[in-house]
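This is what each chain is made of:
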Amino acid sequence: REGRTDVATDTHLLELDLLTLSTSDDADTWHEDAGGYGIRTLATDADFGTAPPIKTVLPSALSVGSRERITSWGNRDLQFKIQLRAPSAMGLNRAERTLKMAVSKARELRWLPPAGEGALTIHDIHNAHLEAIFDDLEETGAHQMPTRTFWLRITAMPFPRSAVEVVEPAVGGGTGTS
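Note on numbering: residues in each chain are counted from 1, in written sequence order. In view of the model being predicted, local features appear only for residues whose pLDDT reaches at least 70, and side-chain atom pairs are presented and counted only at 80 or more, with totals across whole chains, interfaces and linings using the full set of residues. Heavy atoms throughout the structure, all of them, feed into the side-chain values; hydrogens and water do not.

(A) Region of the structure containing the overall build of the protein chain. Secondary structure elements are defined from DSSP: runs of H or I of at least 4 residues count as helices, runs of E of at least 2 residues count as strands, and each element is numbered from the N terminus. Scanning the protein chain for helices and strands turns up two helices and eleven strands. The order of helices and strands in the protein chain, counted from the N terminus, is β-β-β-β-β-β-β-α-β-β-α-β-β. Exposed residues in this analysis have more than 50% of their type's maximum accessible area, buried residues have under 20%, and partly exposed residues fall in between, with area computed by a 1.4 Å probe over protein chains only. A buried classification covers 35% of the 178 residues belonging to the protein chain. Accessible surface is estimated by sampling points in the Shrake-Rupley manner with a 1.4 Å probe; for residues, cover comes only from the protein chains shown. Accessible surface for the protein chain amounts to roughly 10,900 Å². Of this, 53% is attributable to carbon and sulfur atoms.

What follows is the structure, encoded as structure tokens:
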């Protein structure tokens, strides 16, 4: 999967370890699993978060206001809505167990922007969890197959990294001295 370039679609590609979570709000965009259930990530309300600055207040003789310096960066909080669907309530429960297991073990979230507009980026995960969003009509499959929606909440390192290591040679200003 490193340096993946074979996906050039109009949706974002998200992969949570081995789980593919493309983002779209298209009702027909589902990844079907061999277990008989579908999974998708909704683009609506998706948020890659921002690394908040950690500031230190510097001593100052100012009578109003203060001087601050950014000394570090806090963890980034990401969130996505994920939907599962299955032909039955039992299938939906199995899909939920599979998703929870994948989320509990996740260490990386890989993101490929749409249509190859950027490099494969990796967010290193500290922790992740699911929060159920209850909807009785979706659960019973009143409109189609039974569906369950979750918030996937992830705490990750402040800054993502490239999937492919890039090393630039140092630029020297002249000859070395001995």
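(B) Focus on a nonpolar patch on the surface. Taken together, the side chains of I70, W73 and F159 make up a nonpolar region of the molecular surface, amounting to roughly 310 Å² of accessible area. Topologically, I70 is positioned in strand β6 (residues 67–73). To count toward a patch, a residue needs a relative accessible area over 30% and no salt bridge; like charges are then connected within 9 Å, while nonpolar side chains (Val, Leu, Ile, Met, Phe, Trp, Tyr) are connected within 5 Å. Any Lys or Arg side-chain nitrogen located within 4 Å of an Asp or Glu carboxyl oxygen qualifies as a salt bridge.

(C) Structural detail: unusual backbone geometry. Residue D45 is not a glycine yet carries a positive backbone phi of 70 degrees. Summarising the element assignment, D45 is placed in strand β4 (residues 38–47).

(D) Looking closely at the pairing of strand β8 (residues 108–112). Here β8 lies mainly inside the structure; four of its five residues are buried. Taken together, the four bridges between β8 and strand β9 (residues 121–133) define a ladder with antiparallel strand orientation. Paired with L109 across the bridge in β9 is H123. Strand pairing follows a simple DSSP-based rule, namely that at least 2 bridges must link the two strands.

(E) Expanded view of the pattern of salt bridges. Enumeration over the complete set of coordinates arrives at eight salt bridges. For the salt bridge of D45 with K81, the shortest nitrogen-to-oxygen distance reads 3.1 Å. One end of the pair, D45, is in strand β4; the other, K81, is in strand β7 (residues 76–85), and 36 residues separate them in sequence. Residue D45 is classed as partly exposed on the basis of its relative accessible area, which comes to 42%. Of the charged contacts in the structure, one is a salt bridge between E96 and R148, with a shortest N-O distance of 2.4 Å. Of this pair, E96 sits in helix α1 (residues 89–105) while R148 sits in strand β10 (residues 147–156), placing them 52 residues apart in sequence. Per residue, the accessibility class of E96 equals that of R148, and both read buried. Ionic contacts of the salt-bridge type, sharing partners, join the residues E108, R110, D124 and R161 into one network.

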